[in-house]
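# Understanding the architecture of this molecule
Each chain is listed here by its residues.
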Amino acid sequence: MSTMKFCRECNNILYPREDRDKKILLYACRNCDHQEVADNNCVYRNEVLHSADERTQVLQDVASDPTLPRTKSVRCANCKHGEAVFFQATSRGEEGMTLFFVCCNPNCGHRWRD
């Protein structure tokens, strides 16, 4: 990822622009006619890093999410509550989707997968 680029002619910021005919990325000045070919096709990259606490909080909050489906056909192994929220997601290091359950008991929040 490169840093901001500046015009060699007038020292203003160069902005990314596409050359549709040649199908290349250019950096062009908006004040003069200077432009240069980009050395990398990545204009912006946003990396989101989550801490373990944030991920745990997200899983605990799903029990109160009214948009997720609920089932009464499973029992929580911890508190024996008869209702759980469920959703599908990929597990770390596994291919395919896994069915996750989260207990709807506000004092429990136990989560398991099928």
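All of the points below concern the structure found in this document.

Rules behind the numbers
Residues numbered from 1 in each chain as written. Predicted model: local features only at pLDDT ≥ 70, side-chain atom pairs only at ≥ 80, totals over all residues. Heavy atoms only, no water. Helix = DSSP H or I, 4+ residues; strand = E, 2+ residues; numbered from the N terminus. Buried < 20%, exposed > 50% of the residue type's maximum accessible area, 1.4 Å probe, protein only. Contact = heavy atoms within 4.5 Å. Areas by Shrake-Rupley, 256 points an atom, 1.4 Å probe, with all protein chains shown as cover. Polar contact = N/O pair within 3.5 Å; in protein donor to acceptor, adjacent residues only side chain to side chain. Pairing = 2+ DSSP bridges. Axes fitted to C-alpha atoms, helices over the stretch in contact; angles between N-to-C directions. Phe/Tyr/Trp six-rings, centres within 6.5 Å; stacked < 30°, edge-to-face > 60°.

### Some details on the overall build of the protein
- A tally of regular secondary structure across the protein gives one helix and seven strands.
- Reading the secondary structure of the protein in the N-to-C direction produces β-β-β-α-β-β-β-β.
- By the burial criterion, 25% of the 114 residues in the protein qualify as buried.
- Here the analysis covers contacts within the protein between residues at least 6 apart in sequence; of these, 24% occur between residues at least 24 apart.
- Carbon and sulfur atoms provide 46% of the accessible area of the protein, an area that totals close to 9,000 Å².

### Structural notes on the side chain of glutamate 36
- Take glutamate 36: it is sitting in strand S3 (residues 35-37).
- A polar contact is formed between the side chain of glutamate 36 and the side chain of histidine 34, at a distance of 3.1 Å.

### Quick look at the pairing of strand S1 (residues 14-19)
- Where S1 and strand S2 (residues 24-29) come together, six bridges link them in antiparallel fashion. Within S2, the residue paired with leucine 14 across the bridge is cysteine 29.
- Linking two consecutive strands that pair antiparallel, namely S1 and S2, is a turn of four residues; a positive phi of about 55 degrees is found at lysine 23 within it.

### Section: the sheet that holds S2
- Strand order in the open sheet made by the three strands is S1-S2-S3, with antiparallel pairing throughout. Looking at which strands have only one partner, the edges of the open sheet turn out to be S1 and S3. Between one strand axis and the next, the sheet turns by 30 degrees as a mean value, whatever way the strands run.
- Sheet topology note: the S2/S3 ladder contains three bridges and is antiparallel. Of the residues in S3, the one forming a bridge with leucine 26 is valine 37.

### Considerations on the pairing of strand S6 (residues 98-103)
- For strand S5 (residues 84-89) and S6, the ladder comprises six bridges, and the chain directions are antiparallel. By the bridge assignment, phenylalanine 86 is partnered in S6 with phenylalanine 101.
- Bridging between S6 and strand S7 (residues 111-113) involves three bridges; their strand directions are antiparallel. Across the sheet, the residue bridging to phenylalanine 100 is arginine 113, located in S7.

### So, unusual backbone geometry
- At asparagine 11, a residue that is not glycine, the phi angle is positive and equals roughly 65 degrees.
- As for its placement among the helices and strands, asparagine 11 is situated in the segment before S1.
- The phi dihedral of lysine 23 is positive, around 55 degrees, even though this residue is not glycine.
- Tracing the backbone through its elements, the reader meets lysine 23 in the loop between S1 and S2.
- Judged by its relative accessible area of 72%, lysine 23 falls in the exposed class.

### Section: the packing of aromatic side chains
- Evaluation of the coordinates by the stated rule reveals three aromatic pairs.
- Consider the rings of phenylalanine 86 and phenylalanine 101, whose centres lie 6.0 Å apart with planes at 45 degrees: the pair is tilted. A residue pair is termed long-range when its members are at least 10 positions apart, and phenylalanine 86 in strand S5 and phenylalanine 101 in strand S6 qualify at 15 residues.
- Residue phenylalanine 86 is classed as partly exposed on the basis of its relative accessible area of 24%.
- Look at phenylalanine 87 and phenylalanine 100: their rings are 5.6 Å apart centre to centre, the planes differ by 20 degrees, and that puts the pair in the stacked class. On the criterion of sequence distance, the pair formed by phenylalanine 87 in strand S5 and phenylalanine 100 in strand S6 is long-range, its members being 13 residues apart.
- Overall, phenylalanine 87 belongs to the buried group, its relative accessible area being 17%.
- Through pairs of rings, three or more aromatic residues link up here, namely Phe86, Phe101 and Trp112.

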